[in-house]
Amino acid sequence: MPSPTAHNLQPRLAHIHARRAGTAVVFKTHIQTLLRALVRAGFDPGPVGNNNGDLVAGSQVATAARQFHAANGIPANGTVGPDTWESLPDEDMQGLPTLSEASTGGAVALAQRIVRDSGFDPGPISGSFGSQTATAVKGFQNLMQIVTDGIIGDQTWTTMNP
């Protein structure tokens, strides 16, 4: 399994990047999820703008992340990596079900669309959680640097940002 790449906070425009196949991919959900988590933790990430369709955050989000790091004993190295994500408060996903192989229904179809839109192939958007969907979910989880088990629970739903 390839080692996960951290999500970097760039000093001026704090894009959150995930690296896949040597190419930087900017996910709006990363920024949105980080901003909400920082607010839940009591830190002000500031406003978010739009730059040619990319969601960008100003230097205040990098400052808020560094303050969060300092308050939680995490090295303030400008990276939002696994230690940061594990320390940030979880979001209440308000009733989204835990999904695994053999699950069926609309929540499965939603998850299939999200992993497909993130660059992983879950197979047909059928609402049926099979082995191909499990493999795609594991790829998504690995990319997001969360527990890679192929099960969609609160942590995975939070990073999917439905």
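Below, the structure is looked at part by part. (Residues numbered from 1 in each chain as written. Predicted model: local features only at pLDDT ≥ 70, side-chain atom pairs only at ≥ 80, totals over all residues. Heavy atoms only, no water.)

1. Topic: the nonpolar core
Counting 17 residues, the largest nonpolar core has Leu99, Val115, Phe129, Ile152 and Met160 as its most contacted members. Secondary structure elements with two or more residues in this core: α4 (106-117), α5 (131-144) and α6 (154-160). Considering each element in turn, this core owes the most residues, six residues, to α5. Formed by 14 residues, the second largest nonpolar core is a distinct cluster that contains Ile31, Leu38, Ala65 and Phe68. (Core = buried A, V, L, I, M, F, W, Y, C linked by side-chain atoms within 4.5 Å. Buried < 20%, exposed > 50% of the residue type's maximum accessible area, 1.4 Å probe, protein only. Helix = DSSP H or I, 4+ residues; strand = E, 2+ residues; numbered from the N terminus.)

2. Digging into the pattern of salt bridges
On inspection of all chains with the given rule, the structure shows one salt bridge. Of the charged contacts, one joins Arg116 and Asp117 as a salt bridge, the two residues approaching to 3.3 Å between their closest N and O atoms. (Salt bridge = Lys/Arg side-chain N within 4 Å of Asp/Glu carboxyl O.)

3. A short note on the side chain of His69
Residue placement: His69 occurs in helix α2 (residues 59-71). Residue His69 is classed as buried on the basis of its relative accessible area, which comes to 0%. For His69, the side chain forms a polar contact with the side chain of Thr84, separated by 2.7 Å. Excluding residues within four positions of it along the chain, His69 makes contact with Ile74, Pro75, Ala76, Thr79 and Thr84. (Polar contact = N/O pair within 3.5 Å; in protein donor to acceptor, adjacent residues only side chain to side chain. Contact = heavy atoms within 4.5 Å.)

4. Remarks on the environment of Thr156
Tracing the sequence through the fold places Thr156 in helix α6. On the basis of relative accessible area, Thr156 is assigned to the buried category, the value being 3%. The sequence separation of Thr156 and Gln141 amounts to 15 residues, and the corresponding C-alpha distance is 6.9 Å. Setting aside residues no more than four positions away along its own chain, Thr156 makes contact with Phe140, Gln141, Ile146 and Ile151. Here the side chain of Thr156 touches Gln141 through a polar contact of 2.9 Å, side chain to side chain.

5. Focus: α4
Compared with an ideal rise of 1.5 Å per residue, which puts 12 residues at 16 Å, α4 spans 16 Å between its outermost C-alpha atoms and is within 8% of the ideal. Turning to α4, its buried residues number three or more, namely Val108, Ala109, Ala111, Gln112, Ile114 and Val115. As for α4, its buried residues are in contact with α5 and α6. At the exit of α4 stands Gly119, carrying a positive phi of roughly 100 degrees. (Expected span 1.5 Å × (residues − 1).)

6. A word on α5
Over its 14 residues, α5 extends 20 Å from the first C-alpha to the last, a length consistent with the 20 Å expected when each residue adds 1.5 Å. Residues of α5 that are buried include every one of Thr133, Ala134, Ala136, Val137, Phe140, Gln141, Asn142, Leu143 and Met144, and no others. Phi for Gln145, located one or two positions after α5, is positive at around 60 degrees.

7. Overview of unusual backbone geometry
Leaving glycine out, the prevailing phi sign among residues is negative, and the prevailing peptide bond configuration is trans. Backbone geometry places Ala102, a non-glycine residue, at a positive phi of 90 degrees. Its place among the elements puts Ala102 in the loop between α3 (82-87) and α4. The exposure class of Ala102 is exposed, given its relative accessible area of 68%. Non-glycine residue Gln145 carries a positive phi angle of around 60 degrees. Tracing the backbone through its elements, the reader meets Gln145 in the loop between α5 and α6. Exposure remark for Gln145: the relative accessible area of 8% places this residue in the buried category.

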